[in-house]
Amino acid sequence: MSPTVCALTGFIAWTLGLLVLMEAIRAGLVLSRRVPADGFDPANSRLSPFMQRLARVHANCLEGLPIFGGLLLVAIVTERTAVTDPLAPALLLARIVQSSIHIASVSRTAITLRFTAFTVQMAIAVWWTVRLLAA
């Protein structure tokens, strides 16, 4: 499997893993009767700060998937993974770092690090876009 295919699959798996974690915690809250089954909203606004961050991290992944995943998919479909292969692992790593920092903390330092990880993803995406459009 090429690095591009691995990164796309990894991005999807990471997003799914965040969803599974969030739903497992929600299920535990329902089963323990701490929250009624209809007591959730998409932002987890009535839950702990951790759960609110988890919901936002999952939403961030869903928001990024059409852009970052889309570029990876374009490279795969057009058989131009030579463009994306070198930086595909870095993109996935930057996404995981961004998400992990966001889940862990909202300190000023954490926010700066999180933004840096996102900036890496954006720079990679811009580079890929230029390269994919150039040929």
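Attention here is on the structure that accompanies the text. (Residues numbered from 1 in each chain as written. Predicted model: local features only at pLDDT ≥ 70, side-chain atom pairs only at ≥ 80, totals over all residues. Heavy atoms only, no water.)

### A short note on the overall build of the protein chain
Across its full length, the protein chain carries 5 helices and 0 strands. Counted from the first residue to the last, the protein chain has its helices and strands arranged as α-α-α-α-α. Seen along its three principal axes, the alpha-carbon backbone of the protein chain occupies a region of about 55 × 30 × 20 Å. Counting the 135 residues in the protein chain, one finds 38% classified as buried. A total of about 7600 Å² of accessible surface is found on the protein chain, and carbon and sulfur atoms cover 72% of it. For the protein chain, the distance from the average position of its 11 positive side-chain charges to the average position of its 6 negative side-chain charges is 10 Å. (Helix = DSSP H or I, 4+ residues; strand = E, 2+ residues; numbered from the N terminus. Buried < 20%, exposed > 50% of the residue type's maximum accessible area, 1.4 Å probe, protein only. Areas by Shrake-Rupley, 256 points an atom, 1.4 Å probe, with all protein chains shown as cover. Lys, Arg positive; Asp, Glu negative; His and termini not counted. Charge placed at Lys NZ, Arg CZ, Asp CG, Glu CD.)

### Some points on the packing of helix α2 (residues 49-77) against helix α5 (residues 108-134)
Put simply, α2 and α5 touch, their axes get as near as 10 Å, and they point 35 degrees apart. Considering only the axes of α2 and α5, their crossing is left-handed. Between α2 and α5, the residues in contact are Phe-68, Leu-71, Leu-72, Val-74 and Ala-75 and Phe-118, Gln-121, Met-122, Ala-125, Trp-128, Thr-129 and Leu-132, respectively. Within the contact of α2 with α5, the residues separate by chemical class into 10 nonpolar, 2 polar and no charged. (Axes fitted to C-alpha atoms, helices over the stretch in contact; angles between N-to-C directions. Left-handed = near helix turned anticlockwise from the far one by under 90°. Contact = heavy atoms within 4.5 Å. Nonpolar A, V, L, I, M, F, W, Y, C, P; charged D, E, K, R; others polar.)

### Looking at the side chain of Ser-99
With respect to the secondary-structure elements, Ser-99 resides in helix α4 (residues 88-104). A distance of 3.0 Å separates a polar atom in the side chain of Ser-99 from a polar atom in the side chain of Trp-14. Those residues in contact with Ser-99 that lie beyond four places of it in its chain are Trp-14, Leu-18, Val-57 and Cys-61. (Polar contact = N/O pair within 3.5 Å; in protein donor to acceptor, adjacent residues only side chain to side chain.)

### Looking at a nonpolar patch on the surface
Taken together, the side chains of Leu-16, Leu-19 and Val-20 make up a nonpolar region of the molecular surface, amounting to roughly 250 Å² of accessible area. Residue classification places Leu-19 among the partly exposed positions, given a relative accessible area of 30%. (Patch = residues over 30% accessible without salt bridge, like charges linked within 9 Å, V, L, I, M, F, W, Y side chains within 5 Å. Salt bridge = Lys/Arg side-chain N within 4 Å of Asp/Glu carboxyl O.)

### Things to note about the pattern of salt bridges
This structure, assessed with the given rule, holds 2 salt bridges. We note a salt bridge from Arg-26 to Glu-23, for which the minimum N-O separation is 3.3 Å. Residue Arg-26 and its partner Glu-23 are located together in helix α1 (residues 3-31), separated by 3 residues, close to a single helical turn.

### Here we look at α2
End to end, α2 covers 40 Å across 29 residues, agreeing with the expected 42 Å (1.5 Å per residue, within 8%). Largest kink in α2: about 50 degrees, centred on Leu-65, with the proline Pro-66 one to four residues after it. Following α2 by one or two positions, Glu-79 adopts a phi angle in the positive range, close to 55 degrees. (Expected span 1.5 Å × (residues − 1). Bend = angle between axes of the 7 residues up to and from the residue.)

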